[in-house]
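Architecture and fold: a report
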Amino acid sequence: MSTFYDEPVHLVRGEGVRLWDADGREYLDCYNNVPHVGHCHPRVVQAICEQAGTLNTHTRYLHEGILDYVEALTATFGPTFDTALMCCTGSEANDVALRMAQALTGKTGVIATDHTYHGNTTAVHQLSRSNPPPGGYWDNVGFVPAPDSYRPLGGEAGMAHARAFAAEVEKQISVLEEKGYGFSTLILCPFFANEGFPDLPEGWLDPTVEVVRRAGGVIIADEVQPGFGRLGSHFWGHEKIGFTPDIVTIGKPMANGHPVAAVIAPRDTMYEFRNNFRYFNTFGGNPVSCAAAMATLRVVQEDRLQDNAADVGAYAKAGLQELAGRHDCIGDVRGSGLFFGAEMVLDRATKEPATAFTKRVANGMRQRGVLLNFLGRHYNVLKMRPPMVFSRANVDQVIETLDAVLTETPLA
């Protein structure tokens, strides 16, 4: 099992945005989106304990908890998203979503970007170019270049970049149709998180949506990373980029670390899936998971954590921009809400990725008590995605520490 740092962190306790290791050392968590509303949030802990002390079983027995939660969850979406299927992980949710797309279209061809991640079941593992499956890729899976606002496809940013991406999708649709699979779905993270979360304007996906609709396919929006208010400006990532998907998947942060996930879709879509596939998940939607998810959602809403994400995230980007004025290794600053970071380069003129340097920086931050990580097509984008209770004071600590690490870490 790989770990995040050269020297693994042995954690034993967490509270809010703080973590402590086995030696009693304290860390600022600027990376972990799983405890969405903060480590060990008392309202979530209480909800889990109370429900576990009352009843926990599976959903072949009726229980109000799953209905109450799904009603509260779907209320955060547009009116067409009126049903949900509960499962345990984002991997399972995306696996189910692929089958929903097959049920809707009668086709099996799937398109993803060439630097995405949607989980680790056999089916969704096929979508990862960064972790090739043994035996190679299935013939019904096609890939398109990941969007990159710093080095845009075709060389021009904005809508020209958007049209170039749509053209690549259209090419792959033709390939899948020529192979006889037909085109079922395009699956993507609407924030393109693993691709390095490029800065893309509202409407950027419009040309791609038009291509997919014209071909009779559906779009799956994987909201595991950008959802639940993290981006600050919008509750869901697809809202921020300005389109309505056909199917939405969610997972990790929705219950503050308790293993629960879901697929949200219009009623007709859910019917087609249930009519074509026999599906049952023993633990999906169990009373304890639903209690944890409901408590997490209520904390986000009642504590106005989306507003906090917008304010603190803007403050963090401003701090990173100030650092970029003093450190030439920062080629680009980007992000939205409490999902922000910077791309590291060896040379701003050539934009040559500073991959090894970025890894050293992440390890240097860990040594100084701040946890973050890196991703992107060249693994040179510092990724900061803290719990939603992160504050401006926490940002100050991150910026001060990063300034010191960038100063002391050799670029070459």
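Summary of the structure given here.

1. Focus: the overall build of the protein
Tallying secondary structure elements over the protein gives twelve helices and 16 strands in all. Taking 2.2 N^0.38 as the reference for a compact globule, 412 residues should give roughly 22 Å; the C-alpha atoms of the protein span a radius of gyration of 21 Å, in line with that estimate. When the backbone C-alpha atoms are referred to their principal axes, the protein occupies close to 60 × 55 × 40 Å. Looking at the protein as a whole, 56% of its 412 residues are labelled buried. Within the protein, contacts between residues separated by at least 24 positions form 75% of all contacts whose residues are at least 6 apart in sequence. When the accessible surface of the protein is split by element, carbon and sulfur atoms take 50% of a total near 16900 Å².

2. Regarding the sheet that holds strand β10 (residues 261-265)
In space, the seven strands of this open sheet follow the order β4-β10-β9-β8-β7-β5-β6, with mixed pairing throughout. The sheet is open, and its two borders are formed by β4 (83-87) and β6 (141-144), each paired with just one other strand. Neighbouring strand axes in the sheet, compared pairwise and without regard to direction, differ in orientation by 20 degrees on average. Across three bridges, strand β8 (residues 218-222) lies against strand β9 (residues 247-250) in parallel orientation. Considered in β9, the bridge of Ala221 is made with Val248. Relative to β4, helix α2 (residues 64-74) is tilted by about 120 degrees, and along the sheet it contacts β4, β9 and β10. The strands that helix α8 (residues 267-276) touches are β4, β9 and β10; relative to β4, the one it contacts most, it runs at about 50 degrees.

3. Here's the deal with the nonpolar core
Counting residues in hydrophobic clusters, the biggest one holds 64 residues, and the most contacted among them are Tyr69, Phe228, Ile250, Ile330, Met344 and Phe390. Ranked by residues supplied to this core, first place goes to helix α9 (residues 287-302) with nine residues. If we ignore the near neighbours within four places in the chain, the residues touching Phe390 are Val17, Leu28, Asp29, Cys30, Asn308, Val312, Leu338, Val395 and Val398. Core analysis: the next-biggest nonpolar cluster, separate from the first, contains 23 residues, Leu85, Met100, Phe273 and Tyr279 among them.

4. Some words on the environment of Phe191
One can find Phe191 in the loop between β7 (183-188) and α6 (206-214). For Phe191, a relative accessible area of 8% gives the class buried. Taking the C-alpha atoms as reference points, Phe191 and Gly335, 144 residues apart in sequence, are found 9.2 Å from one another. Once you skip the residues sitting within four places of it in the chain, Phe191 turns out to touch Phe197, Pro198, Pro226, Leu231, Gly335, Ser336 and Phe339.

5. Remarks on helix α10 (residues 305-324)
Counted at 1.5 Å a residue, the expected span for α10 with its 20 residues is 28 Å, and the 28 Å between its end C-alpha atoms agrees. Considered for burial, the residues of α10 that qualify are Leu305, Gln306, Ala309, Val312, Gly313, Ala316, Gly319, Leu320, Leu323 and Ala324. Down the axis, α10 shows its buried residues gathered within 140 degrees of arc, on one side only. Contacts from the buried residues of α10 go to α9, β11 (330-336), β12 (339-347), β16 (381-384) and α12 (392-408).

6. So, the sheet that holds strand β2 (residues 18-21)
In a beta sheet, neighbouring strands pair by backbone hydrogen bonds and run either parallel or antiparallel. Ordered in space as β1-β2-β3-β14, the four strands form an open sheet in which the pairing is mixed. The open sheet terminates on both sides in strands that have one partner only, identified here as β1 (11-15) and β14 (370-371). As paired strands, β1 and β2 are joined by four bridges and run antiparallel to one another. Bridging from a neighbouring strand, Arg13 pairs with Trp20 of β2.

7. Quick look at the packing of helix α11 (residues 355-367) against α12
Running from amino to carboxyl end, α11 crosses α12 at an angle of 125 degrees, the nearest separation of the two axes being 10 Å. If you check the angle between α11 and α12, you find them oblique. Crossing of α11 against α12: the hand is right-handed. Contacts between α11 and α12 involve Phe357, Val361, Gly364 and Met365 on the former and, on the latter, Val398, Thr401, Leu402, Val405 and Leu406. Within the contact of α11 with α12, the residues separate by chemical class into seven nonpolar, two polar and no charged.

8. Side note on unusual backbone geometry
One non-glycine residue, Phe197, lies in positive phi territory at about 35 degrees. Inspection of the secondary structure assignment puts Phe197 in the loop between β7 and α6. Take Phe197: its relative accessible area is 0%, and that puts it in the buried class. The backbone of Lys351 shows a phi angle near 60 degrees, a positive value even though the residue is not glycine. Take Lys351: it is sitting in the loop between β12 and β13 (352-353).

9. Examining the pairing of strand β3 (residues 26-29)
Side chains on a regular strand alternate between the two faces of the sheet. With three bridges joining them, β2 and β3 adopt antiparallel strand pairing. Following the sheet pairing, Trp20 is matched in β3 by Glu26. As consecutive antiparallel partners, β2 and β3 are separated by four residues, and within that stretch Gly24 has a phi angle of approximately 90 degrees, a positive value. In this structure, β3 lies alongside β14, joined through two bridges in parallel fashion. Residue pairing for β14: Leu28 is matched across the bridge by Val370.

10. Side note on the pattern of salt bridges
In this structure the tally under the stated criterion is 23 salt bridges. Here Arg267 and Asp82 are joined by a salt bridge, their closest N and O atoms 3.6 Å apart. Of this pair, Arg267 sits in helix α8 while Asp82 is found in the loop between α2 and β4, placing the two residues 185 residues apart along the sequence. Of the residues examined, Arg267 reaches a relative accessible area of 52% and is grouped as exposed. On the basis of relative accessible area, Asp82 is assigned to the partly exposed category, the value being 32%. Residue Arg377 pairs with Asp114 through a salt bridge whose shortest N-O separation is 2.9 Å. One end of the pair, Arg377, is in the loop between β15 (373-375) and β16; the other, Asp114, is in the loop between β5 (109-113) and α4 (122-125), with 263 residues separating them in the sequence. Overall, Arg377 belongs to the partly exposed group, its relative accessible area being 34%.

Rules used throughout
- Residues numbered from 1 in each chain as written.
- Predicted model: local features only at pLDDT ≥ 70, side-chain atom pairs only at ≥ 80, totals over all residues.
- Heavy atoms only, no water.
- Helix = DSSP H or I, 4+ residues; strand = E, 2+ residues; numbered from the N terminus.
- Rg over C-alpha atoms; globule rule 2.2 N^0.38 Å.
- Buried < 20%, exposed > 50% of the residue type's maximum accessible area, 1.4 Å probe, protein only.
- Contact = heavy atoms within 4.5 Å.
- Areas by Shrake-Rupley, 256 points an atom, 1.4 Å probe, with all protein chains shown as cover.
- Pairing = 2+ DSSP bridges.
- Axes fitted to C-alpha atoms, helices over the stretch in contact; angles between N-to-C directions.
- Core = buried A, V, L, I, M, F, W, Y, C linked by side-chain atoms within 4.5 Å.
- Expected span 1.5 Å × (residues − 1).
- Arc of directions from axis to C-beta.
- Parallel < 35°, antiparallel > 145°, perpendicular 65-115°, else oblique.
- Left-handed = near helix turned anticlockwise from the far one by under 90°.
- Nonpolar A, V, L, I, M, F, W, Y, C, P; charged D, E, K, R; others polar.
- Salt bridge = Lys/Arg side-chain N within 4 Å of Asp/Glu carboxyl O.

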